[in-house]
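In case you want the letters, here they are:
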Amino acid sequence: MSQIQALTKRKSVREYHKRGLKAEALSFIEQAIRPPYAVANGDLVDIRFLENGTDVQTKLAGLAGYAGVMIEAPHYLAVFVEPTPKAYRAAGYYVEKLLFDAMEYNIGTCWIHVGQPEAAKARLGLETDKSLVALVALGEPLEENAIAKFFQRIKANKPSVYSPGGYGDFDVQYEERRSDRHATVDLVYLDTWGNSLTHDELEQRNLLEIYTLMKNAPSWGNRQPWKFIIDGHDIVLAIENNERGDVASDNLDGGIAMFYFDLAMNQRGFSGQWHPLYENNYRVPGDYTIVGKYTVE
Ligand SMILES: Cc1cc2nc3c(=O)[nH]c(=O)nc-3n(C[C@H](O)[C@H](O)[C@H](O)COP(=O)(O)O)c2cc1C
């Protein structure tokens, strides 16, 4: 069974033990947030660890979380960025990579929307010229062994470029986890916007699993705003603009999608890179933004 199936198990954790993370987990987080960040435009991102979760909840009540409702956790990350789309994407990519790797240390996580970034930054009182784009709740999941159970077989075996420990091989049955996820074919077009592919066509291109896995990536409000357009050996990613005009959320989601796509392609034996793309040769409609092109090498 393929390593790639780890991606299907990624889920947000919203209930945590009150106790803090253990030393090994804390040390992983400390290392992961130490710059430089291994992602394009990583210098535009600044991630801070907020150890005292209770203090953060008091300070940020009403300012962060969907409808101002914070998720209670023993610790948080504060994600600061230069307020530009490429920096939001870098943050989405790098932080999601961190959260994915964190599962190996039994660290549960959940992205938290920051509705009032200026006020929230002021309340936290941290010195930085960057903007607060998101928080992440961190802690041990309350559900017993939620993550550990799944990763118990993962420590050994194959090294991965994404994790010092490697994800290893483990044996799980893949199944569609969510009935509300979009059908795979809705995510992918061939050559031009609207030209959908069937499951069989995707399978023939060795891409069905990759796109299926993409549906498990987190996104703001679970919008899953991404569309992929196959252009020869390259893949273009477009993100639907949300109605709130919230460019930060869209591009965080974009960066998250880029990470999972990259990881999935790597683990399937393809290697490639995301590049910026400015022209629209694919008839992508105005309510979508092209955020990049993945070139297979
Ligand atoms: C940028 C961003 C902001 C988010 N903000 C919140 C939030 O404030 N509160 C929350 O409960 N979940 C938040 N989420 C988590 C999503 O709701 C979640 O990823 C999505 O519903 C899919 O569920 P899953 O992660 O369990 O697969 C956020 C996710 C992203 C990517």
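Residues numbered from 1 in each chain as written. Predicted model: local features only at pLDDT ≥ 70, side-chain atom pairs only at ≥ 80, totals over all residues. Heavy atoms only, no water.

**Q** Help me get a handle on the overall build of the chain, residues and values and all.
**A** In terms of helices and strands, the chain carries eight helices and nine strands. Put simply, the chain has 297 residues, and 54% of those count as buried. Pairs at least 24 residues apart make up 74% of the contacts formed inside the chain by residues separated by at least 6 positions. Within the structure as shown, the chain displays about 13700 Å² of accessible surface, and the carbon and sulfur contribution to it stands at 48%. (Helix = DSSP H or I, 4+ residues; strand = E, 2+ residues; numbered from the N terminus. Buried < 20%, exposed > 50% of the residue type's maximum accessible area, 1.4 Å probe, protein only. Contact = heavy atoms within 4.5 Å. Areas by Shrake-Rupley, 256 points an atom, 1.4 Å probe, with all protein chains shown as cover.)

**Q** Give a description of unusual backbone geometry that names residues and reports values.
**A** Residue Pro35 is joined to Pro36 through a cis peptide bond whose omega torsion reads 5 degrees. Inspection of the secondary structure assignment puts Pro36 in the loop between helix H1 (23-32) and strand E1 (45-50). Here Gln224, not a glycine, exhibits a phi torsion of approximately 45 degrees, which is positive. Residue placement: Gln224 occurs in the loop between helix H7 (208-214) and strand E6 (226-231). Phi at Arg283 takes a positive value of approximately 55 degrees, unusual for a residue other than glycine. Among the secondary structure elements, Arg283 is positioned in the loop between strand E8 (272-275) and strand E9 (288-296). With a relative accessible area of 67%, Arg283 lands in the exposed category.

**Q** I'd love a proper account of the sheet that holds strand E5 (residues 188-190), names of residues and values included.
**A** Taken together, five strands build an open sheet; the order of strands is E5-E6-E7-E9-E8 and the sheet is mixed. Among the strands making up the open sheet, the edge pair consists of E5 and E8. Pairwise comparison of adjacent strand axes, ignoring direction, gives a mean angle of 25 degrees for this sheet. Where strand E7 (residues 234-240) meets E9, seven bridges bridge the pair, whose relative direction is antiparallel. (Pairing = 2+ DSSP bridges. Axes fitted to C-alpha atoms, helices over the stretch in contact; angles between N-to-C directions.)

**Q** A description of the pairing of E8 should follow, citing residues and the corresponding values.
**A** Burial along E8 is one-sided: Gly272 and Trp274 are buried, and none of Gln273 and His275, which face the opposite way, are. Here E8 pairs with E9 via four bridges, running antiparallel. Residue Gly272 lies in a different strand from E9, and its bridge partner there is Val296.

**Q** Break down the site of the ligand for me, with residues and values.
**A** Taken together, 21 residues form the shell around the ligand, and within it Ser12, Arg14, Tyr66, His113 and Pro218 come nearest. At a separation of 2.6 Å, an oxygen atom of the ligand approaches a polar side-chain atom of Tyr66. The backbone of Trp111 places a nitrogen or oxygen atom 3.4 Å from a nitrogen atom of the ligand. Counting only elements with at least two residues in the shell around the ligand, the list comes to strand E3 (108-113) and helix H8 (247-267). Looking at the shell around the ligand element by element, the count peaks at four residues for E3. The class makeup of the residues in the shell around the ligand is nine nonpolar, five polar and seven charged. Both domain 1 (3-151) and domain 2 (184-215 + 217-296) contribute no fewer than three residues apiece to the shell around the ligand. (Near = heavy atom within 4 Å. Polar contact = N/O pair within 3.5 Å; in protein donor to acceptor, adjacent residues only side chain to side chain. Nonpolar A, V, L, I, M, F, W, Y, C, P; charged D, E, K, R; others polar. Domains from an automatic or database assignment.)

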